[in-house]
Amino acid sequence: MLLQTFLHLPGVGEIRERRIWMEGVESWDDYLASPPPRGVGERLKKRHDRMLIELKGALGRGQWHRFSTLLPHSHRWRLFDPLGERAAYLDIESDGLGPGAVITVVGIYTKGRYIPLVRGYNLTRGNIEEALKDSSMLVTFNGTSFDLPMIEKHYPGVLPPLPHLDLMHTARKTGLKGGLKAVERALGIEREVEVAEVNGEVAVRLWRLWERERSRGALKLLLKYNKEDVKNLEPLARRLYEALKAKTLF
DNA sequence: ATTGCAATTTACGCGCTTTA
DNA sequence: TAAAGCGCGTAAATTGCAAT
């Protein structure tokens, strides 16, 4: 999917990209070897060729971030194809929503492993960095406006410059609206019964219970909820990716 | 070289949504 | 709560192209 992408070239939008595909150009190499498509002159084509050659080099060195910033936000889901294998799925809990709120848990699911970082125990800059160090991309739900800015606020510079896929916007593109739980339900992704009644608001209360009364059970349930949230992002990402890919190519 | 046109991209403002 | 992007509608800018 990615090497068939031309949307990041200046002067190429969805209409022209589709026409490029129609004319049988299915890869960057095809494009380099072809004459300019309709709507693109010699001048612009030369610029495109330079960009593609340069990007091929960057990707070869693993520098995906540069390419991802060229891609419009609404099409970043395409990055999931090669990068999803080493994605870090991320979800945080906090003690509220206001400006003074503080991060209580950072949950990271990567390479089949759940890593809970708990405030006052093991939530540190170093541990966040360590948990993300082998990742190729970040996957969140509404992380663009919540999780990532909040992490950046409390731990400036801790997030590596990785491509980021926000599944809330991805889900919307497939016609699924609502929060994470609603989207999961719509796709038939199951939740364990213990956390069926837990939501973000309850998560705040569970944290208070742990802080004030050292309730081991409350913390345990909070982490179980966070784990469920973050683990479910993986099948969600896979299915949304497949849905959008099918929709785009036909 | 200049002009006008058509197709397309790009920019902008508005209202809506989700996150704990 | 505030931040950010989306879709939508609309306006503006860009591009290629053909005619002059």
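Since we're looking at a predicted model, the values are computed, not measured.

1. Some points on the protein's contact with DNA strand B
Part 1 of the argument: Around DNA strand B sit 25 residues, and of these G13, R19, E93, N142 and L180 come closest.
Part 2 of the argument: Taking all atoms of DNA strand B within 4 Å of the protein, the share assigned to sugar and phosphate is 74%.
Part 3 of the argument: The separation between a phosphate oxygen of DNA strand B and a polar main-chain atom of G11 is 3.1 Å.
Part 4 of the argument: Those elements that provide at least two residues to the surface near DNA strand B are α1 (14-22), β1 (87-94), α8 (167-173) and α10 (200-213).
Part 5 of the argument: For the surface near DNA strand B, the per-class residue count stands at ten nonpolar, eight polar and seven charged.

2. Overview of the protein's contact with DNA strand C
Part 1 of the argument: In the region of DNA strand C, the neighbouring residues are G39, V40, G41, L44, H73, S74, L97, T144, S145, H169 and K173.
Part 2 of the argument: Between a phosphate oxygen of DNA strand C and a side-chain N or O atom of H73, the distance comes to 3.5 Å.
Part 3 of the argument: Within the backbone of S74, one N or O atom sits 2.9 Å away from a phosphate oxygen of DNA strand C.
Part 4 of the argument: Here the residues of the surface near DNA strand C are counted per class, giving three nonpolar, seven polar and one charged.

3. Regarding the pattern of salt bridges
Part 1 of the argument: Here the structure, examined in full by the defined rule, presents 14 salt bridges.
Part 2 of the argument: Ionic pairing is found between R238 and E85, a salt bridge with its closest N-O pair at 3.3 Å. Within this pair, whereas R238 is found in helix α11 (residues 216-249), its partner E85 is found in the loop between α5 (80-83) and β1, the two being separated by 153 residues in sequence.
Part 3 of the argument: When its relative accessible area of 34% is taken as the criterion, R238 is described as partly exposed.
Part 4 of the argument: Overall, E85 belongs to the exposed group, its relative accessible area being 58%.
Part 5 of the argument: Salt bridges here are not isolated pairs; linked through shared partners, they connect K111, E130, K133 and D134.

Cut-offs and rules
Residues numbered from 1 in each chain as written. Chains lettered and ligands numbered in written order. Predicted model: local features only at pLDDT ≥ 70, side-chain atom pairs only at ≥ 80, totals over all residues. Heavy atoms only, no water. Near = heavy atom within 4 Å. Polar contact = N/O pair within 3.5 Å; in protein donor to acceptor, adjacent residues only side chain to side chain. Helix = DSSP H or I, 4+ residues; strand = E, 2+ residues; numbered from the N terminus. Nonpolar A, V, L, I, M, F, W, Y, C, P; charged D, E, K, R; others polar. Salt bridge = Lys/Arg side-chain N within 4 Å of Asp/Glu carboxyl O. Buried < 20%, exposed > 50% of the residue type's maximum accessible area, 1.4 Å probe, protein only.

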